[in-house]
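Coordinate analysis (summary)
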Amino acid sequence: MDRILLSPVSRSNEKAVDRSGGDTSHLEGRFASGLVMAIVGTFLFASKSIVAKLVYGLGLDATGLLTLRMVFSFPVYWLVWIKLKRRVALTGSAKPIPRRLIVRAVLLGFFGYYLAAYLDLLGLEYISAQMERLTLFSYPALIAVLAWMFLGEPLGWKIVLSIGLCYLGVWLMYSQEGQYATDSDTFTGIALVLGAAISYSIYVLFAKPIMQEIGSREFTSLAMMGSTVFVAVQCVVTNSFDSIIQANPWVFAYGAALAILCTVVPSFLINEAIVRIGATRTSVIGSAGPVLTMLLAILLLKEPSTPYHFVGMLVAIVGVALVAKK
């Protein structure tokens, strides 16, 4: 999917300060660079829906686009994996990753990088980029519900209110989506993107313990490479290679941009931002993602927009902010 806000970094790291009384300029520089990384990563993630819409305009479908995304991103994650393995071999700093954790990472990659990504891209064929981004943005509230259902975590009033606000925002925008698509298309698109949000929530909920054991970069690389296998199987079954080969040459440029600029680069930027400025600040900056998508959709795709769109977006952001606060 779009964002990786998982890290074994503790809250104590977020509040760490230099108590030695020495020069803190390096800390200030690290904090400033972390802010830049979070902002750039959020902007690149927000651009994903826009690039997908441009590809659809050239005739490629969701399966073909997902295949291109994986084809261009897989080598990067594979190189990162090889580099990490070599570092471990040279330094002997860590034990080999148990096979059971590799299998779990690959299975979670199915939910987080294959199923969620495919349902999201498929939903974009039916609804506007604005509607897709807002519906997907509800996944933190879904994570809270799943944690309550399967892990026994308490479901407090803030979480209930957050869920209500998130879907009130979706409903406000849904009432205006008729300007972009038919009612049946809108319902189908929202259902698909909501399925993507649920799938990604499952990934986030069960990925953190594994990331803490093997490391976030190792886990991300394993999960992404594993998801590529599922994408390849779907592409063979649906015989999508012909449509990709015969596609407009611009499709390949957009596919590369979606893979590298909207997936690989922001995933590492966001992870590093968490390390430098903390998960809370990174999440707050990430809340601007749907707004950026809305603005880009209006400016570049000429999608219709009304005050209800902006109000719905604001209500949903408030809802997510509630569930994000401890």
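These remarks concern the structure in this document.

So, how was this worked out
Residue positions are given per chain, counting from 1 as you read along its sequence in written order. Selection of residues for local features in this predicted model requires a pLDDT of at least 70, selection of side-chain atom pairs for listing and counting requires 80 or more, and totals for whole chains, interfaces and linings are taken over all residues. Each side-chain value is derived from all of the structure's non-hydrogen atoms; neither hydrogens nor water enter the calculation. Note on conventions: DSSP H or I runs of at least 4 residues are helices, E runs of at least 2 residues are strands, and numbering of each starts at the N terminus. Residue contacts are counted whenever heavy atoms from the two residues lie within 4.5 Å of one another. Within this scheme, the nonpolar core is defined by two criteria: the residues are buried Ala, Val, Leu, Ile, Met, Phe, Trp, Tyr or Cys, and they are joined through side-chain atoms within 4.5 Å. Note on classification: 1.4 Å probe, protein chains only; a residue is buried when its accessible area is under 20% of the maximum for its type, exposed when over 50%, partly exposed between these limits. Only Phe, Tyr and Trp rings are paired, with Trp represented by its six-membered ring, and only when their centres lie within 6.5 Å; those with planes under 30 degrees apart are stacked, over 60 edge-to-face, the remainder tilted.

The subject of this paragraph is the side chain of Ser199. Relative to the helices and strands, Ser199 is located in helix H9 (residues 183–214). Dropping the residues within four chain positions of it, Ser199 is found in contact with Phe111, Leu115 and Ala116.

This next bit is on the nonpolar core. In this structure, Leu60, Leu65, Leu66, Leu121, Tyr203 and Phe219 are the most contacted members of the largest nonpolar core, which totals 74 residues. Here the element with the most residues in this core is H9; it accounts for 13 residues. Those residues within four positions of Phe219 in sequence are excluded, and the remaining contacts are Ala105, Leu108, Tyr203, Ala207, Ile210, Met211 and Ile214. By size, the runner-up hydrophobic cluster in this structure holds seven residues, among which are Ala38, Leu269, Ala273 and Ile285.

Let us look at unusual backbone geometry. We note that Lys302 has phi near 60°; this positive angle belongs to a residue other than glycine. Tracing the backbone shows Lys302 in the loop between helix H14 (289–300) and helix H15 (307–324). Looking at Lys302, the relative accessible area reads 65%, which means it is exposed.

One pass over the structure, following the stated rule, counts 10 aromatic pairs. Geometrically, the ring pair formed by Phe110 and Phe111 is edge-to-face, given 5.3 Å between the ring centres and 85° between the ring planes. When its relative accessible area of 25% is taken as the criterion, Phe110 is described as partly exposed. A residue is classified by how much of its surface remains accessible, and Phe111, at 28% relative accessible area, is partly exposed. Between Tyr114 and Tyr118 the ring centres are 6.5 Å apart and the planes differ by 5°, which places this aromatic pair in the stacked class. With Tyr114 and Tyr118 both in helix H5 (residues 99–123) and four residues apart, this pair spans about one turn of that helix. There is no split in this pair, since Tyr114 and Tyr118 are both buried. Taken together, Phe110, Phe111, Tyr114, Tyr118 and Phe230 form an aromatic cluster joined through their ring pairs.

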